[in-house]
Each structure stands twice: as structure tokens, then as C-alpha cells.
Amino acid sequence: MSSSRSSTKRAFPEAGLAPLIDALQRRLDGWIRRRGPVHPPFTLGYRQIYILPTRFGWLVGLLLFAMLLGSLNFNNNLGLFTTFLVSGIGLLSMHIAHRNLDGVRIAAVSPGQAFAGELLPLAITLQDTRGRGRSGLVAKIRGGDTASGSDLPSSASADLKVSIATEQRGWRELPRIRLRTRHPIGWFEAWSWFWPAQRVLVWPRPAEHAPPLITRGNSDDHSQAGDESDEFHGLRDWREGDPLHRIAWKASQRHQHLLARQFTRPERERIVLRLTDAPGRTLEERISIMTRWVLEADRRDLDYGLELGSTNVPSGRGEAHRVSCLDALAAYG
Amino acid sequence: MNQTLSSPTVLLVVAAFLVAALPHLTAMPGWLALAIVGAAVWRALIALLDLRRPGWLVRSALTFGGLALVILHYGTFWGRRAATVLLCVMVAAKLSEMFRLRDARVVATLGYFLIATQFLFSQQLLLFGYLLVGCALVTAALVRIQRDADEISPPADDGAPDGIRVARLARDGTMLMLMAIPFALVMFTLFPRLGSPLWGMPENALDGRTGLSDEMSPGTIANLFADDSPAFRAEFDGLVPPRDQLYWRGPVLWRFDGRTWSRLFYSNRAPERTPRPNDGAFAYSVQLEPSERRWLFALDYPVGAPADARLSADFELIRKRPVTTLMSYDVISQPDFRDAPELQQTLRRIALHLPDSSNPRTRQRAEELRRRYPDDEALIDAVLAWFNQEEFFYSLETVPLGRHGADEFLFDLRVGYCEYYASAFVVLMRAAGIPARIVTGYQGGLWQPSDGYLLVRQSDAHAWAEVWLEGRGWTRVDPTAAVSPTRIDQGARSALSDGAGWFGAEWLYQLRNQYDRLQNLWNKSILGFDAQRQRDFLARIGLDDLPTGARAAVLVALAAIVLVPLVFLAQGLARLVRKTDRLDRGWQRLRRRLQRAGVQPRSGETPLELAARSTDRLTNADELITLTEKYCRLKYGPATAIEEFDRFEAESAAWRPSRLNQSPLKQS
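Criteria and thresholds
Residues numbered from 1 in each chain as written. Chains lettered and ligands numbered in written order. Predicted model: local features only at pLDDT ≥ 70, side-chain atom pairs only at ≥ 80, totals over all residues. Helix = DSSP H or I, 4+ residues; strand = E, 2+ residues; numbered from the N terminus. Buried ≥ 20, exposed ≤ 12 C-beta atoms within 10 Å, placed from the backbone. Contact = placed C-beta atoms within 7 Å. Expected span 1.5 Å × (residues − 1). Nonpolar A, V, L, I, M, F, W, Y, C, P; charged D, E, K, R; others polar. Axes fitted to C-alpha atoms, helices over the stretch in contact; angles between N-to-C directions. Parallel < 35°, antiparallel > 145°, perpendicular 65-115°, else oblique. Pairing = 2+ DSSP bridges. Core = buried A, V, L, I, M, F, W, Y, C linked by C-beta atoms within 7 Å. pLDDT = per-residue confidence, 0-100.

Draft legend 1. Region of the structure containing the overall build of chain B. Within chain B, the regular secondary structure consists of 23 helices and 18 strands. Out of the 668 residues belonging to chain B, those deemed buried represent 39%. Expressed as a percentage of contacts within chain B between residues at least 6 apart in sequence, the contacts between residues at least 24 apart total 75%.

Draft legend 2. Summary view of the overall build of chain A. Helix and strand counts for chain A come out as 7 helices and 16 strands. By the burial criterion, 33% of the 333 residues in chain A qualify as buried.

Draft legend 3. Region of interest: helix H7 (residues 319–331) of chain A. All names here are of chain A. Compared with the 18 Å implied by 1.5 Å per residue over 13 residues, the 18 Å span of H7 between its first and last C-alpha is a close match. Contacts made by the buried residues of H7 are with strand S8 (170–173), strand S11 (199–202), helix H6 (283–300), strand S15 (303–307) and strand S16 (312–316). Residue Gly333 follows H7 closely and has a positive phi angle near 90 degrees.

Draft legend 4. Molecular detail of the interface of chain A and chain B. Contacts between the two partners involve 43 residues from chain A and, on the opposite side, 54 residues from chain B. Elements represented by at least two residues in the side of chain A that touches chain B include exactly helix H2 (55–73), helix H3 (77–101) and strand S5 (134–141) of chain A. Residue contributions to the side of chain A that touches chain B peak at 18 residues, all from H3(A). When the residues that make up the side of chain A that touches chain B are grouped by side-chain class, the tally is 20 nonpolar, 19 polar and 4 charged.

Draft legend 5. Up close: the packing of helix H12 (residues 405–413) of chain B against helix H13 (residues 418–431) of chain B. Residue and element names in this part refer to chain B. Interhelical geometry of H12 versus H13 gives an angle of 110 degrees and a closest axis separation of 9 Å. As summarised for this structure, H12 and H13 are arranged roughly perpendicular, according to the angle between their axes. On the side of H12, the interface is formed by Gly405, Ala406, Phe409 and Leu410, while H13 contributes Tyr420, Ser423, Ala424, Val427 and Leu428. By residue class, the composition of the contact of H12 with H13 is 7 nonpolar, 2 polar and no charged.

Draft legend 6. Structural context of the sheet that holds S16(A). All names here are of chain A. Ordered by their spatial adjacency, 3 strands build an open sheet running S14-S15-S16, and the pairing between neighbours is mixed. In this open sheet, the two strands that pair with only one neighbour each are strand S14 (270–274) and S16. Going from strand to strand, the sheet's axes swing by 15 degrees on average, the running direction of each strand aside. Note: S15 against S16, 3 bridges, orientation antiparallel. In the strand pairing of S16, Leu306 is matched with Val313. With respect to the sheet, H6 is in contact with S14 and S15, its orientation differing from that of S14 by roughly 165 degrees.

Draft legend 7. The pairing of strand S3 (residues 104–111) of chain A, seen in detail. Residue and element names in this part refer to chain A. Here strand S1 (residues 42–43) pairs with S3 via 2 bridges, running antiparallel. By the bridge assignment, Thr43 is partnered in S3 with Arg105. Relative to strand S4 (residues 119–128), S3 is paired through 7 bridges, and the arrangement is antiparallel. Paired with Val109 across the strands is Ile124, a residue of S4.

Draft legend 8. Region of the structure containing unusual backbone geometry. The peptide bond linking His183(A) to Pro184(A) adopts the cis configuration, its omega dihedral lying at 0 degrees. By the secondary structure assignment, Pro184(A) is in the loop between strand S9 (177–181) and strand S10 (188–194). With an omega of -20 degrees, the peptide bond between Asp300(B) and Tyr301(B) qualifies as cis. Note that Tyr301(B) resides in the loop between strand S8 (298–299) and strand S9 (309–311). A positive phi angle is found at Asp308(B), which is not glycine, with a value near 45 degrees. Classification of Asp308(B) by C-beta neighbours within 10 Å gives exposed; the count is 12. Backbone geometry places Phe315(B), a non-glycine residue, at a positive phi of 60 degrees. Mapped onto the secondary structure, Phe315(B) falls in the loop between S9 and strand S10 (317–319).

Draft legend 9. Focus on the sheet that holds strand S7 (residues 295–296) of chain B. Residue and element names in this part refer to chain B. Spatial strand order, S7-S10-S9: 3 strands in an open sheet with antiparallel pairing. Both edges of this open sheet fall to S7 and S9, since each of them pairs with a single strand only. As paired elements, S9 and S10 share 3 bridges and run antiparallel to each other. Bridge pairing in S10 places Ala309 opposite Arg319.

Draft legend 10. A look at the nonpolar core. Residue and element names in this part refer to chain B. Counting residues in hydrophobic clusters, the biggest one holds 131 residues, and the most contacted among them are Val13, Ala16, Phe17 and Ala141. Discounting residues that sit within four places of it in the chain, Ala141 has contacts with Leu12, Val13, Ala16 and Ala108. Tyr329, Ala406, Val427 and Ala481 belong to the second largest nonpolar core, which has 80 residues in total.

Draft legend 11. The arrangement of the confidence of the model for chain B in detail. All names here are of chain B. In this model, chain B carries an average pLDDT of 81, and 85% of its residues clear a pLDDT of 70 or more. Every residue in residues 497–503 scores below 50 in pLDDT, and together they form 2 contacts with partners more than four places removed in sequence or on other chains. Contacts of residues 663–668 to residues separated by more than four positions or lying in other chains number 1 contact, the stretch itself having pLDDT below 50. Note on the complex model: pTM 0.66, ipTM 0.73.

Next comes the structure, spelled out in C-alpha cells:
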């Protein structure tokens with residue numbers, strides 16, 4: 001709900017139209033604010049909630065109308081009662097659908113990660129502010145598939161998942177999200193539009209065919225598969241976080257607890273991926289190839305850095321490094 | 001959107017369909033009902049056991065097979081029964097291809113329609129229960145379908161017994177339905193009714209189970225005797241006629257072809273003169289059950305016809321349209337009236353006509369009587385005395401008559417009921433030269449003293465005779481009364497043998513009489529509520545002279561007033577039932593008691609911290625800690641049996657803090 005109500009209270013009765021225009025202006029501001037992008041958290045009030053019968057609801061309405069006409073015509077009182085009872089159920093369901101959204105707070109919209117062309121997952125965190133449980137809340141994005149719905153227990157929170165289609169790398173605005181419910185019987189749909197004022201970075205699409213990584217001095221087949229090429233050093237107790245494939249199963253069985261193989265790598269390969277090295281006619285093609293290289297280097301567990309001209313990413317490895325490299329590629333240019 | 005149905009949903013939809021179709025199933029031929037139930041069970045089994053789905057060939061075979069069966073049996077799709085049976089068959093066929101949400105929705109919604117169509121056949125009180133249960137189940141099915149559409153899985157198996165889990169499925173629907181009842185009542189009372197129908201009713205709604213027909217041959221009323229269902233109820237304003245005057249006049253039959261008595265078309269003209277009511281007249285209102293016939297029944301002699309009916313020359317009341325729903329009408333009857341002081345020659349000829357060369361023995365008997373009793377009245381008395389003194393018996397168990405029906409009955413069989421006696425008597429009268437005719441209708445009825453109405457059942461159907469006497473006009477003679485006075489005093493039931501089984505048991509009969517009192521109340525207050533009653537009601541609450549727009553506004557306002565608080569109530573109720581809320585309420589109660597005992601909860605404190613902190617204030621803090629641990633386990637831990645919640649609720653309600661070192665100083 002907008003808080004614009006609490007502002008100015010003017011005492012110029014002689015100003016004539018001024019208070020009216022002022023009120024109009026405030027209303028317009030509120031209207032734009034209600035419909036423009038908003039930062040979560042954002043609570044849905046009755047002014048943000050729309051409700052209309054679903055197609056199925058219209059059909060039921062038609063059926064009820066027929067039942068009404070028939071019962072009236074034959075003065076069939078129980079038929080009439082049935083008609084009114086079912087209409088009452090329908091009207092109740094309308095109120096319930098509305099109340100199901102009223103007072104739901106969109107606490108956060110957390111975008112996931114995706115390469116261009118993939119679906120980007122969004123997690124929408126909902127909270128109940130009215131102390132009553134909600135059922136069957138569904139988030140939908142224009143053009144996207146409807147994700148599964150969720151219940152929201154009273155005074156608790158729940159996550160809804162949607163995914164948005166991506167086409168290009170780079171920053172993009174989050175689309176308007178339609179939060180809707182057809183609870184309880186699907187005759188009415190209450191919905192509210194929510195436009196989070198947030199941006200999300202879409203990673204570039206990795207090229208399908210990229211030239212092999214140019215590693216220093218060595219040919220590719222020699223330096224394949226980091227683990228096998230490394231020297232076996234010994235066993236140590238397994239610690240949380242060790243990859244599963246490092247577990248020495250046979251030895252662990254003998255010792256009754258998990259042991260992990262330890263490797264030493266005397267000298268780690270270090271490469272720098274340069275945008276200027278990447279072949280390609282356009283910048284996008286080259287970025288695409290760079291992306292593939294980053295993924296490849298990450299897969300091989302190499303130390304790698306980026307040189308993109310204006311932005312550089314110092315050498316490193318691991319998940320966080322990969323993400324910062326991809327982010328740099330996504331935001332480049 | 002998800003398009004697949006979960007198996008609990010399928011079961012609920014199938015159950016809702018079966019309940020909605022139940023009265024229809026009992027009314028259709030058994031094999032068809034079995035086929036429909038079979039299709040429903042099959043669909044349920046597919047869902048339960050994950051069987052293979054039927055292919056399109058099986059599905060279309062089911063659909064067209066069902067269509068063929070209906071048309072074979074009913075010969076038409078037109079008419080209420082055939083149409084509703086067809087609807088049941090089609091929905092059952094639809095079940096076999098109900099694998100998408102949309103189909104399930106269609107099936108469930110048609111459940112409402114099936115329920116409404118049942119009331120075209122009967123609106124008995126018992127069916128109100130069917131209405132409520134059916135609507136609740138259909139609504140529950142719709143709720144489940146929507147849950148499936150939103151891909152919300154059914155509540156996890158929390159170890160509750162199956163019965164409880166099934167009940168929970170139906171709970172939401174029942175709640176919605178209950179909440180809608182007040183709204184429905186307001187609409188029912190205030191929604192404008194039609195004074196006259198927009199279009200007519202299709203015929204043949206009662207599956208051939210009808211009241212009196214307009215023909216009679218001995219044996220036709222017999223099927224009515226076993227039918228204890230009400231024909232009509234009458235309420236008298238003031239005077240109630242004595243029992244032997246309770247002859248409810250129906251069709252008057254003149255023509256006789258040797259076997260069957262039928263009406264005279266000429267009777268349809270208006271009467272030449274009508275009785276004028278005086279102090280001895282009876283005013284009463286009749287609530288007539290649907291009969292598919294146009295006959296209205298009145299005591300002798302109605303002074304006029306109710307609206308949309310007319311009075312025939314034989315003082316029959318004939319309605320313009322068949323009576324297809326419960327209807328009520330007011331009549332005034334004047335018993336003291338001379339019907340046709342003069343008899344036209346043509347009518348006299350018809351009233352004396354007998355088929356040639358039939359019933360020779362009866363004719364011979366009539367001639368003997370005529371010779372002995374030249375006076376008509378003396379002759380009639382002699383015949384009645386003959387019936388009374390010789391070996392004539394009144395019984396419902398008799399045999400059909402042949403070509404010389406009157407002969408066979410009067411001289412050989414001598415066992416029969418009203419139709420046999422009336423028919424033979426009229427033949428005898430005609431043979432003796434006395435103009436005579438048969439009147440069919442009902443006789444007597446059960447007086448319900450506490451509610452002051454007379455219940456006339458189908459089994460009270462009766463046939464008697466009227467003879468035309470010089471100076472007296474048409475005069476009623478009931479030969480059955482001469483044979484079996486109890487028939488007139490106690491009704492046809494007295495003739496039913498005791499071997500009628502449990503159905504005829506006396507206590508059951510009494511129970512049914514009691515039930516009929518409820519039914520009568522129901523008929524009067526709910527079913528009899530029509531445009532006229534609505535106007536009366538509105539006049540009483542002062543809303544009658546409002547223009548239509550204002551009345552609509554009142555309607556909407558009232559509906560809103562009724563509906564809106566209900567939504568809040570509904571949610572409140574729903575919360576009562578939700579177990580997590582029960583948990584929280586228990587916990588809040590503990591917190592309040594702690595607060596009162598001086599342990600103030602701090603913000604950001606976990607329940608366990610709070611409980612631990614209370615140890616230096618309370619002596620029984622260890623109990624509190626146990627309870628708090630239980631609360632946390634139930635709230636945040638894995639799913640637990642519902643009994644655990646109950647136990648927590650009980651224990652938390654029972655726990656009281658007992659303070660440590662309660663010194664009087666601190667208390668002040």
C-alpha cells in the first residue's frame with residue numbers, strides 16, 4: 001500500500017483548484033508508483049489486487065444461469081436453492097481468492113544465474129503479514145511457464161520459483177511478475193502485478209565450437225584431467241568438502257573411516273585468457289569463445305585470469321573466480 | 001500449468017459423481033445403473049492401482065454404447081428422465097477419459113447440475129440432505145482439483161487413520177458449502193420469482209408412477225394401493241368434514257366398453273349451474289404432489305375452479321397443464337347441492353348404455369330386482385343389502401376379470417375391492433334402467449391432529465358410483481362401503497394383509513406418519529414458497545412497494561452483509577482446525593502465563609531460551625522446558641502424528657507456572 005496519504009495538508013481555501021490538483025497529482029504519483037518498478041519488500045494491499053473469473057468460472061456462471069432459469073421457470077424451489085448455494089460458494093471463493101493475496105509481502109526476489117539462451121531462475125520470497133495461512137500462490141511471468149505453486153503458512157515465508165527466458169548477455173531488468181491465486185476452487189483468479197526494481201546479469205552464451213585452450217608450453221593431451229596427471233602423495237582423513245571422487249574407498253574400508261587421496265601438484269598451470277586471442281568476427285562471438293574458455297579452464301581446474309582490455313580479472317580458480325570471470329564477460333562493453 | 005490429476009483427487013471426483021448421481025441411479029434400470037457405477041469404480045481403480053488407461057476405442061465404445069442403451073430403453077433423449085439418465089451416462093463415459101484437470105473440472109461441475117436436476121423429479125425433505133452432502137463433495141473435489149493445478153501435493157501422510165485423511169479432503173468443501181448456506185437462504189427468500197412459467201414442462205417426469213388415470217378397468221387402481229406416497233394434503237379453514245364425507249372427486253367415467261370405463265368428452269363443457277356456498281361449505285387448501293396428470297381433487301361439490309384450472313360439467317377440476325411440481329390451490333366445496341336435476345336425453349342414453357350381449361346373468365338379476373322394486377331407491381338399497389349380507393369380501397388380493405366382468409364378480413368371485421364393486425354396481429344399475437356412472441378419486445385420508453392437516457396417500461385411491469335419481473339428481477352410492485365399512489373408516493390399509501412384511505409394520509407406518517408431518521412443514525415453508533408467498537413475505541417486512549431496482553439493491557446489500565463476515569468467520573474456523581495454529585495458540589498461552597508469573601519474553605529470544613531463563617523464577621521450570629522442547633519438535637521437526645498435537649495442546653493448557661520464593665513483600 002502506498003504511504004502517500006500522510007503528506008501535505010494544505011490550508012489555503014482561497015487557492016481554489018490548487019488542493020484538487022494537488023490531490024490529483026498525489027493520486028497520479030501513487031498510481032505510477034504502484035505500477036512502476038518497486039524495490040522489495042512490498043506488501044500487496046487491496047489496491048494492488050485484481051480479480052476476475054477464470055474461463056472455467058465463466059462456464060460455471062453460464063451453467064448457474066441455466067440452472068437459475070430452469071428452476072425459476074418450474075418454480076422448483078430446491079433447484080433454486082441449489083443454484084443459490086452454488087452461487088454462494090462461488091462468491092465466497094471470490095472473497096477467499098482476494099483475501100488469499102491481501103497482505104502478502106514480497107520480501108525478496110533473488111535471481112539465479114544463467115547463460116544467455118537458458119532459463120534464468122528467480123526465487124520470490126513471500127511472507128504473510130496478516131497472520132493467516134495462504135494457499136495455492138503461483139508466480140507467473142509473461143511468456144514464461146507457470147511454475148508450481150506454494151502454500152504460505154501463517155506468519156511464515158515461502159519461496160516461489162519462476163524462470164525467465166534470456167537472449168542476450170548483460171544486465172537486464174527483471175520483468176513484471178504476476179502473483180496469482182485461484183484458490184480455493186478455481187472459479188476466480190486474483191492476481192497482482194509486481195515489478196521488482198532489480199537488475200540481473202546474464203552470462204554470455206558459451207560458444208559451441210571454440211579453439212582449444214592455449215596453455216603455456218604444453219600440448220592439450222598432456223595436461224588433461226588435473227587429478228590423474230598429478231602425483232599421488234598419500235592418504236589423509238576425509239574432511240567435509242573433499243570431492244567424492246577423492247575418497248579412497250578401498251583404504252577407507254580397511255580403516256573403518258573415510259580416507260581421502262591427497263595429490264600434490266608441483267606446478268600449477270597458469271594461463272591468461274585474452275579477448276584479443278579469441279577468434280571471431282564480432283565482439284559477441286569473441287566473448288562467446290572467451291566464455292567457453294573460462295568454462296573449459298574451470299573444468300580442468302587451471303589457474304586462469306582474464307584480460308579484456310578495459311577490465312581484467314587477476315588469475316585464480318574456484319567457483320567464486322569463475323563467477324567473477326563470467327560476470328566480467330557478461331558486463332563487458 | 002500442471003495438467004495431471006493425483007489419485008486422491010480422482011477418488012474424490014468419482015465419489016462426488018456417485019453421490020450426485022445416486023437418486024438418478026436408483027431411478028434408472030438396474031443394468032444401466034450397474035454399468036455407470038462400474039465405469040466409476042473402474043476409473044477409481046485405475047487411479048488407485050495405476051492400471052492402464054483405456055484407449056480411444058474403449059472410450060468411444062463406452063460413449064456410444066451408453067447412448068445406444070439409453071435410446072433403446074427410453075426410446076428418446078427428450079423428456080426429463082431420459083435426459084438426466086443420458087447425462088449420467090455421458091458423465092460416466094467422461095470419467096473413462098478423465099486424465100486432465102479440465103475433464104475433472106467438467107465432471108465435478110456437472111455434479112452440481114445432476115443434483116439440481118434431481119429436484120425435477122422429487123423435492124422431498126430427505127433430498128435436502130442429499131443436496132448438502134452432494135454439494136459439499138463436489139466442492140471438495142473442485143478444491144482438490146485446484147490444488148493439483150497449482151501442483152501442491154496432498155498433505156503428507158502424518159500417520160492419521162484413513163478415515164480422518166478422507167474427511168480432511170472433504171473438509172474444505174464442506175466448510176465452503178456451510179458458509180454459503182446463509183447467502184443461499186437470503187437469495188432464496190428475496191430473489192424475484194416468476195409468477196407464471198416462461199415455457200412448459202416436458203412430460204413424463206415421474207417414470208410412469210402416476211396418480212389416478214382418466215380411465216378405469218378393474219385392476220388399475222391396485223398398483224396405487226401399495227403406494228404409500230402422499231397424493232395430496234389438505235388443510236381446512238374451520239369446519240372439517242366427517243370421515244364419510246371425504247370423497248375427493250377425480251375423473252368421472254361414463255363410457256363402458258365391457259372392460260374399461262372412460263371419460264366422456266362432452267363432460268368437458270362448463271357446468272350449467274354451480275353451487276352457492278353457505279354456512280355448511282368447506283373451505284380448504286390442497287397441496288398436490290406432482291402427478292403428471294391434470295386432475296385436481298376436491299370434495300363434492302367445488303363451487304369454482306382455482307387459477308389455471310376449470311370446472312367441468314361433472315364437477316371435475318381440470319388444470320390447464322399437468323401437475324409436474326408440488327402445487328397448492330384453494331377450493332370451497334358445498335356438499336349440499338343437487339347435481340343435474342334434469343338429465344338430458346343423450347346423457348341419459350350414455351348413462352344407461354351397456355355393451356350388447358355382455359353380462360347376461362347381471363342383466364337377468366337386474367330384471368328380477370326391477371320387478372320386485374319398482375322404486376329406484378328401494379332397488380339400490382336392496383342391492384347394497386345384498387352386497388352386505390351375502391358372501392361378498394373386500395380384499396386387494398383378487399384375480400382379473402374376463403369378458404363378462406360383472407357376472408364373474410357378482411356371482412362367482414365375490415372378492416375384490418372398490419373398482420370391482422363400483423364397476424359391477426354400475427353395470428347392475430344400468431341394466432336395471434337407472435342412469436349410473438363411476439367416479440374415481442380418493443377417499444378419506446389420515447388426519448394429523450397436531451398439525452391440523454389431512455394426509456391423503458396414493459393408497460387412498462378409490463372408485464365409487466353415482467346414480468341419477470328423479471328429484472335428487474346425481475347421488476353418490478359407495479358399494480364398497482356396503483361390503484367393507486372399515487374401508488371407509490380406516491382406509492385401504494385395513495384390507496392389506498398382515499403379511500406385508502417389514503414394510504407394513506405398524507411402527508414403521510407410524511414413523512412414516514410422523515415423517516410426513518415434517519414433510520408437510522417442508523412443503524409449506526420451502527417448496528410452497530412461490531411468487532405469491534414471496535409478495536406476502538415482503539409485505540410483512542415492509543419491502544413490497546419498493547421498485548425493482550431498490551429491491552435488487554436490498555438483495556445485494558443483504559447478500560454482502562451475510563457473505564462478508566462469513567469469509568472472516570470461515571478463515572477463523574479454518575485456522576481453528578489447522579494444527580500449526582493450534583500449536584502456536586498453545587505456545588502463546590504458555591507465554592502469557594509466563595508473563596503473568598513475571599518472566600517477560602525478550603525480543604529475539606528462542607522459545608527454549610525463554611524456558612531456560614524461567615528456571616530461576618519457577619519451581620516447575622523443568623516441565624516447561626519439556627513442553628517447549630515438544631513445541632519446537634512439533635513445529636520445526638519432521639511430520640508427526642496428529643495425536644502428538646492433541647497431547648501438546650492438552651498438556652500446555654494444563655500447565656500452570658508455580659513461582660519460586662513467593663514472598664509477600666514482593667507481591668505487594
